[in-house]
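Secondary and tertiary structure notes
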Amino acid sequence: MPWFLGLRSARYGWVQEKFNPPSDFTHPDRFGWMDAALSAHPHGLSITSLEVWHALLGRQSTDQQPHAFFAFRNPTTFMSKVDPDWQWVFDFEYRLPTDAIPDTVASQYQRNDKCNLYRRDLDLITEQIKQSADKGQSVWFEYDPAETPIVKETGRLPNGKRFGTGTVQGLDFFAQQVFSMLFTAIDKEYPAYDTPIDTFTLQAVEHELLARSLAPTFVGREAQLETLQKLVLEPVAENGNGPVMVHGPDGVGKSALLAQLVYRLPAAQIAVVKHFVGANASSFAATETLTRLCVALARASPSSVRSSSLAILGSQTSIQRRTASSKMNPTLWHCS
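Here the structure is a predicted model, which means the values were calculated and not measured.

**Quick word on the nonpolar core**
Judged by nonpolar contacts, the single largest core of 23 residues is most densely connected at Tyr12, Leu45, Phe70, Phe92, Tyr94 and Ile129. Of all the elements in the fold, those that place two or more residues in this core are helix H1 (33–40), helix H2 (47–57), strand S4 (68–73) and helix H4 (115–134). Ignoring sequence-local partners within four residues, the contact set of Tyr94 consists of Tyr12, Gly13, Trp14, Val15, Gln110, Asn112, Cys115, Tyr118 and Arg119. Counting 13 residues, the second-largest nonpolar core is a separate cluster that includes Phe218, Ala256, Leu258 and Leu261.

Shown next, in the form of C-alpha cells:
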C-alpha cells in the first residue's frame with residue numbers, strides 16, 4: 001500500500017454535498033469506505049476530509065506499520081505572524097450568516113448555515129487522527145514555520161473580493177520530520193537484507209519493477225489483450241503453440257501491453273517470467289537472457305511449468321532470433 005501524507009491547517013476545504021454511489025465506479029470495491037464517511041457526515045464533507053477517510057479512517061487496516069502521516073500547522077502561533085488583513089488566506093473559511101466580520105475582509109469568507117458543523121468536523125477528524133496514532137495506525141507531528149509567511153494578491157472582483165496566495169517559509173523542521181517519518185516507515189516495511197541476494201533474484205526484482213511501472217501506462221486495446229490471454233491460456237497444441245510476436249512502431253505501447261497482460265493472467269495456473277530489455281545491463285545479452293529464463297522456469301512451481309509457461313521479452317532483434325527455437329509455450333516478444 002502507498003503512504004499518505006496529510007497537511008492539516010485551520011482551513012476546512014471545499015465541501016461536496018452530493019456523491020456518486022460506489023456502484024457508479026469501475027472498481028466499486030475501492031469506494032466502500034464512502035458509505036461510512038457520508039453516514040458520519042450527512043451534511044456534507046470537504047474534499048480534504050474525504051482524503052483522510054480514504055487514507056485512514058475508512059480503512060480496515062491489518063498493516064503492521066502505519067501508512068498515514070499527518071503534519072499539523074500550529075494555528076495560534078502561525079496566525080500571529082500574518083497581517084490581520086491577510087489572515088483569510090490561511091484561516092477557516094466559513095462564517096455563520098449572523099457572524100460579525102470586519103468590512104475589510106467580509107467578502108473573503110463564505111457565509112454558511114453549516115459553518116459550525118464544518119468546524120466540528122474539522123476538530124473531530126483532527127481528534128480521530130490523533131486517536132489512531134495512539135493505536136499505532138498513523139503518525140503525526142505539529143510544526144510552526146520559523147519565518148513570516150509571504151502573501152500576494154492575485155486578483156480582485158468588482159465587489160471587492162480578493163484572491164491571493166500564501167507562501168509558508170522556514171520549514172526546515174517540517175522537512176526533517178517528514179523525511180524521518182517516511183524513511184522510518186519504509187525502512188521497517190522493507191528492511192535491509194541480512195544475506196546477499198543472488199544475481200537471478202535481483203534481476204527478477206528489476207524486471208518486476210519495470211513491469212509495474214509500465215502496466216499503469218496502458219490504456220484501451222482490450223481486443224489485443226483478450227487475444228493474447230486466449231493464446232496463453234488455451235490448451236497447448238501437440239507441437240506447441242509457438243512464439244508470438246507483438247510488433248509496432250517505437251513508443252506505441254508494446255511493452256505496456258505485455259506488462260498489462262502479465263497482471264491479468266492467473267498466477268496460480270501459469271508460470272510467468274518477465275524479461276524487459278533495458279531493465280538492466282544483462283537484459284541486452286542473448287546468452288544471459290536465455291540462462292535467466294531457464295533458471296526462472298526451474299525455480300517456478302513444477303505444476304505451473306507443466307501446465308503452461310510464458311516468457312515476456314522486450315524488443316531486441318538479436319535476442320528474438322536466437323530465442324525462436326525455444327520450446328516454451330508460448331513465448332511473447334515484441335519488436336520495433
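**Brief notes about the pairing of strand S9 (residues 162–167)**
Here 6 bridges tie strand S8 (residues 150–156) to S9, and the two strands are oriented antiparallel to one another. Note that in S9 the partner of Ile150 across the bridge is Thr167. Counted along the chain from S8 to the antiparallel partner S9, the turn is 5 residues long, and its residue Gly160 has a positive phi close to 100°.

**Concerning the confidence of the model for the chain**
The share of residues in the chain with pLDDT of 70 or more is 84%, and the mean pLDDT across the chain is 82. Looking at the elements of the chain, mean pLDDT is at its lowest for helix H11 (residues 317–323), recorded as 35, and at its highest for strand S5 (residues 94–95), recorded as 96. Counted against residues more than four places away or in other chains, residues 304–309, with its pLDDT under 50, gives 19 contacts. Confidence drops under a pLDDT of 50 for residues 315–330, and excluding neighbours within four residues, the segment shows 44 contacts in the predicted structure.

**Digging into the pattern of salt bridges**
Working definition: two side chains of opposite charge can pair if their charged atoms are close together. Applying the stated criterion across every chain yields a total of 9 salt bridges. A salt bridge links Arg212 to Glu208, with the nearest nitrogen and oxygen atoms 2.8 Å apart. With Arg212 and Glu208 both in helix H6 (residues 199–214) and 4 residues apart, this pair spans about one turn of that helix. Overall, Arg212 belongs to the exposed group, its relative accessible area being 53%.

**Brief notes about the environment of Val168**
Relative to the helices and strands, Val168 resides in the loop between S9 and helix H5 (172–189). With 90 residues separating them along the chain, Val168 and Phe78 place their C-alpha atoms 9.7 Å apart.

**Focus on a nonpolar patch on the surface**
Taken together, the side chains of Tyr193, Ile197 and Leu202 make up a nonpolar region of the molecular surface, amounting to roughly 330 Å² of accessible area. Along the polypeptide, Ile197 turns up in the loop between H5 and H6. For Ile197, a relative accessible area of 38% corresponds to the partly exposed category.

**A short note on H4**
Compared with the 28 Å implied by 1.5 Å per residue over 20 residues, the 29 Å span of H4 between its first and last C-alpha is a close match. All buried positions along H4 are accounted for by Cys115, Tyr118, Asp121, Leu122, Ile125, Thr126, Ile129 and Ser132. Considered in projection along H4, the buried side chains sweep an arc of 130° and stay on one side of the axis. Two residues or fewer after H4 comes Gly136, characterised by a positive phi angle close to 80°.

Cut-off values and rules
Residues numbered from 1 in each chain as written. Predicted model: local features only at pLDDT ≥ 70, side-chain atom pairs only at ≥ 80, totals over all residues. Heavy atoms only, no water. Core = buried A, V, L, I, M, F, W, Y, C linked by side-chain atoms within 4.5 Å. Buried < 20%, exposed > 50% of the residue type's maximum accessible area, 1.4 Å probe, protein only. Helix = DSSP H or I, 4+ residues; strand = E, 2+ residues; numbered from the N terminus. Contact = heavy atoms within 4.5 Å. Pairing = 2+ DSSP bridges. pLDDT = per-residue confidence, 0-100. Salt bridge = Lys/Arg side-chain N within 4 Å of Asp/Glu carboxyl O. Patch = residues over 30% accessible without salt bridge, like charges linked within 9 Å, V, L, I, M, F, W, Y side chains within 5 Å. Areas by Shrake-Rupley, 256 points an atom, 1.4 Å probe, with all protein chains shown as cover. Expected span 1.5 Å × (residues − 1). Arc of directions from axis to C-beta.

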